[in-house]
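Residue-level structure breakdown
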Amino acid sequence: IKKMDVWAAPDVLIIQLKRFQYVPGQYFVHREKIGDVVDFPIEGLDLSKYVIGPQNPDAPPVYDLYAVSHHMGGLGGGHYTATCKNHLNNKWYDFNDSMVSSTTPEKAVTGSAYVLFYKRRKGTVKWAGITPSPVPLPDE
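This write-up is about the structure you can find in this document.

What counts, and at which threshold
- Residues numbered from 1 in each chain as written.
- Predicted model: local features only at pLDDT ≥ 70, side-chain atom pairs only at ≥ 80, totals over all residues.
- Heavy atoms only, no water.
- Helix = DSSP H or I, 4+ residues; strand = E, 2+ residues; numbered from the N terminus.
- Buried < 20%, exposed > 50% of the residue type's maximum accessible area, 1.4 Å probe, protein only.
- Contact = heavy atoms within 4.5 Å.
- Lys, Arg positive; Asp, Glu negative; His and termini not counted.
- Charge placed at Lys NZ, Arg CZ, Asp CG, Glu CD.
- Salt bridge = Lys/Arg side-chain N within 4 Å of Asp/Glu carboxyl O.
- Polar contact = N/O pair within 3.5 Å; in protein donor to acceptor, adjacent residues only side chain to side chain.
- Core = buried A, V, L, I, M, F, W, Y, C linked by side-chain atoms within 4.5 Å.
- Phe/Tyr/Trp six-rings, centres within 6.5 Å; stacked < 30°, edge-to-face > 60°.
- 1 Å grid on protein atoms, 1.4 Å probe; cavity = no way out; pocket = protein on both sides within 12 Å on 5 of 7 lines; lining within 4 Å.
- Points joined across faces, edges and corners; volume = space filled by probe spheres on them.
- Nonpolar A, V, L, I, M, F, W, Y, C, P; charged D, E, K, R; others polar.
- Pairing = 2+ DSSP bridges.

**Focus: the overall build of the protein**
Within the protein one finds zero helices and nine strands. Reading the helices (α) and strands (β) of the protein from amino to carboxyl end gives β-β-β-β-β-β-β-β-β. Considered along the principal axes of its C-alpha atoms, the protein spans approximately 60 × 45 × 25 Å. Counting over 140 residues, the protein shows a buried share of 29%. Contacts in the protein between residues far apart in sequence, at least 24 positions, make up 61% of those at least 6 positions apart. On the protein, the mean spot of the 15 positive side-chain charges and the mean spot of the 14 negative ones are 5 Å from each other.

Put into structure tokens, the structure is as follows:
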């Protein structure tokens, strides 16, 4: 059993899912891809009970998903895509090379999900010193 304590929660939380495992063979150890679906929350990932340091009630450690990086393929080669939320219009999009299409966040919860990107729901959100525009883009 592994245990990890979190003293303070960041404004942006990035979680990498373990998608590869080492399997002993008869003559050597080889790697396999893990394709199990991890049912991760889209909204309201609450880390309150895991943060052991002081918590600011104005910025609780509750997170909402804003992007998922996907890996398709095997270990010898593969392809990465992304599902992301546009913070200006609150719509979700799939990015696959030069193709962009509308989607829903629920479609990002698949066995290909590899890296999850969350932002703190309430409180100071730091985007590399840039504050997101509070005015959404008009619908196209």
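**A look at the pattern of salt bridges**
The tally for this structure, following the rule as stated, stands at two salt bridges. Of the charged contacts in the structure, one is a salt bridge between arginine 120 and aspartate 11, with a shortest N-O distance of 2.9 Å. Taken together, the residues span a long stretch of sequence, with arginine 120 in strand S9 (residues 113-120) and aspartate 11 in the segment before strand S1 (12-16) at a distance of 109 residues. The exposure class of arginine 120 is buried, given its relative accessible area of 7%. With its nearest N and O atoms 2.8 Å apart, the salt bridge here joins arginine 121 to aspartate 64.

**Some thoughts on the side chain of arginine 120**
At 3.1 Å, the side chain of arginine 120 and the backbone oxygen of proline 10 are in polar contact. At a separation of 3.2 Å, a polar atom in the side chain of arginine 120 contacts the main-chain carbonyl oxygen of proline 60.

**Notes on the nonpolar core**
Counting residues in hydrophobic clusters, the biggest one holds 17 residues, and the most contacted among them are Phe40, Tyr63, Leu65, Val68, Leu116 and Tyr118. Broken down by secondary-structure element, the contributors of at least two residues to this core are strand S5 (62-73) and S9.

**Considering the packing of aromatic side chains**
Scanning all chains against the criterion turns up three aromatic pairs. Of the aromatic side chains, those joined through ring pairs into one cluster are Phe20, Tyr80 and Tyr114.

**Some points on the layout of surface pockets**
Approximately 340 Å³ is the volume attributed to the largest pocket. Lining the largest pocket are 13 residues, with Met4, Asp5, Val6, Leu47 and Tyr50 positioned closest to its centre. The residue inventory of the lining of the largest pocket, partitioned by class, reads nine nonpolar, no polar and four charged.

**Looking at the side chain of threonine 103**
You can see threonine 103 is positioned in strand S8 (residues 99-103). On the basis of relative accessible area, threonine 103 is assigned to the buried category, the value being 16%. Once residues lying within four places of it in the same chain are set aside, the contact partners of threonine 103 are Thr83, Trp92, Tyr93 and Asp94.

**Observations concerning the pairing of strand S3 (residues 29-33)**
For strand S2 (residues 20-24) and S3, the ladder comprises five bridges, and the chain directions are antiparallel. For glutamine 21, the partnering residue across the bridge sits in S3 and is glutamate 32. Following S2, the chain reverses through four residues before pairing antiparallel with S3.

Nothing here speaks to function; it is all geometry.
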